[in-house]
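Chains, contacts and geometry: an overview
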Amino acid sequence: NAGVTQTPKFQVLKTGQSMTLQCAQDMNHEYMSWYRQDPGMGLRLIHYSVGAGITDQGEVPNGYNVSRSTTEDFPLRLLSAAPSQTSVYFCASSYLGGQYFGPGTRLTVT
Amino acid sequence: ILNVEQSPQSLHVQEGDSTNFTCSFPSSNFYALHWYRWETAKSPEALFVMTLNGDEKKKGRISATLNTKEGYSYLYIKGSQPEDSATYLCAFHNAGGTSYGKLTFGQGTILTVHP
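Residues numbered from 1 in each chain as written. Chains lettered and ligands numbered in written order. Predicted model: local features only at pLDDT ≥ 70, side-chain atom pairs only at ≥ 80, totals over all residues. Heavy atoms only, no water.

Thoughts on the overall build of chain A
Each helix and strand in chain A was counted, giving zero helices and 11 strands. In sequence order, the secondary structure elements of chain A are arranged as β-β-β-β-β-β-β-β-β-β-β. In summary, chain A has a C-alpha radius of gyration of 13 Å against a globular reference of 13 Å for 110 residues, a match within 12%. Expressed as lengths along the three principal axes of its C-alpha atoms, the size of chain A is roughly 35 × 25 × 25 Å. Of all 110 residues assigned to chain A, the portion counted as buried reaches 49%. Partitioning the contacts of chain A with sequence separation of at least 6, the portion at a separation of at least 24 is 52%. Approximately 4,900 Å² of chain A is accessible, and the part contributed by carbon and sulfur atoms is 51%. If the 7 positive side-chain charges of chain A are averaged to one point and the 7 negative ones to another, these points end up 13 Å apart. (Helix = DSSP H or I, 4+ residues; strand = E, 2+ residues; numbered from the N terminus. Rg over C-alpha atoms; globule rule 2.2 N^0.38 Å. Buried < 20%, exposed > 50% of the residue type's maximum accessible area, 1.4 Å probe, protein only. Contact = heavy atoms within 4.5 Å. Areas by Shrake-Rupley, 256 points an atom, 1.4 Å probe, with all protein chains shown as cover. Lys, Arg positive; Asp, Glu negative; His and termini not counted. Charge placed at Lys NZ, Arg CZ, Asp CG, Glu CD.)

Following this line, the structure appears as structure tokens:
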């Protein structure tokens, strides 16, 4: 099993650009989520999904969209990047007993 | 917004010292409490998932206890080693309504073990 994979690992965007962060898991987990990690803030939940076709907002959803058309994939879209979205993004999937995290995507918005 | 607090924010100990830190969380809508270990430049790794009041879990030199009635969990490390240096995160796993399944993380305790 590859576990949870994320692409790209690093990305630099200009303000106003859009992009999609990819996340995939091969463990057949129903629950997937996106977090951002900022210094002194821990991990904050952006969006999550309890199964294909079902998504919901987390703590900091503004500026991000998600969709879940398959169990395996849970992409995160930045609609119009802003410097405040500079962060490290983690995708996770879970079996309700604990979450497996992907390796993270480091995003810089200039 | 759920309040999950960890203390202390950071901790410096000498190799061989035993240490502990605290996670406090809401005592309602409890499903589980998770502990993660997060090394710099890596992804968080699950340590424990605790579900029952009074639960105690152990993994090597690391153990954790859970009190769901008063809303706290302790993580203990016995005989700290430099390789234990990491950020330790707890996460409250919500059982209630539309928030079912959501994890809310504390800010973490940064542990540094000096040789």
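Having seen it, we continue.
Section: the layout of surface pockets
Put simply, the largest pocket is a space of about 570 Å³. Forming the boundary of the largest pocket are 26 residues, of which A:Gln37, B:Trp38, B:Glu39, B:Thr40 and B:Ala41 lie nearest the centre. For the lining of the largest pocket, the secondary structure elements donating two or more residues are β4 (31-38), β9 (87-94) and β11 (105-109) of chain A together with β9 (86-94) of chain B. Of all the elements, β9(B) adds the most residues to the lining of the largest pocket, at three residues. Classifying every residue of the lining of the largest pocket by side-chain character gives 11 nonpolar, 10 polar and five charged. (1 Å grid on protein atoms, 1.4 Å probe; cavity = no way out; pocket = protein on both sides within 12 Å on 5 of 7 lines; lining within 4 Å. Points joined across faces, edges and corners; volume = space filled by probe spheres on them. Nonpolar A, V, L, I, M, F, W, Y, C, P; charged D, E, K, R; others polar.)

Regarding the side chain of A:Gln85
Residues and elements named next belong to chain A. With respect to the secondary-structure elements, Gln85 resides in the loop between β8 (76-78) and β9. Relative accessible area serves as the criterion here: at 5%, Gln85 is assigned to the buried category. A distance of 3.3 Å separates a polar side-chain atom of Gln85 from the backbone oxygen of Gly63. Every residue in contact with Gln85, bar those within four places of it in the chain, is listed here: Arg36, Asn62, Gly63, Tyr64, Leu78, Ser80, Leu107 and Val109. (Polar contact = N/O pair within 3.5 Å; in protein donor to acceptor, adjacent residues only side chain to side chain.)

Some remarks on the sheet that holds strand β3 (residues 19-25) of chain A
Residues and elements named next belong to chain A. Sheet architecture is open: four strands sit in the order β1-β3-β8-β7, paired in antiparallel fashion. Two strands in the sheet have a free side with no partner beyond their single neighbour: β1 (4-7) and β7 (64-66). When the angles between neighbouring strand axes are averaged without regard to direction, this sheet yields 20 degrees. Taken together, the three bridges between β7 and β8 define a ladder with antiparallel strand orientation. Its bridge partner lying in β8, Val66 is registered against Leu76. (Pairing = 2+ DSSP bridges. Axes fitted to C-alpha atoms, helices over the stretch in contact; angles between N-to-C directions.)

Description of the interface of chain A and chain B
Counting from both sides, the interface comprises 21 residues of chain A and, opposite them, 20 residues of chain B. Both sides of the chain A and chain B interface together cover about 1,500 Å² of buried area, and 63% of this is carbon and sulfur. Where chain A packs against chain B, one counts zero salt bridges. Summed over the shared surface of chain A and chain B, the result is two residue pairs in polar contact (both at pLDDT 80 or more). (Buried area = accessible area lost by both parts, 1.4 Å probe. Salt bridge = Lys/Arg side-chain N within 4 Å of Asp/Glu carboxyl O.)

Some points on unusual backbone geometry
For the bond running from A:Thr7 to A:Pro8, omega is -5 degrees, close enough to zero to count as cis. Assignment of secondary structure puts A:Pro8 in the loop between β1 and β2 (10-13). A cis geometry characterises the amide bond from B:Ser7 onward to B:Pro8, with omega recorded as -5 degrees. Secondary-structure assignment places B:Pro8 in the loop between β1 (5-7) and β2 (10-14). Residue A:Asn28 is not a glycine yet carries a positive backbone phi of 60 degrees. Located in the positive-phi region is B:Ala41, a residue other than glycine, with phi close to 65 degrees. Turning to its location among the elements, B:Ala41 is positioned in the loop between β4 (30-38) and β5 (45-50).

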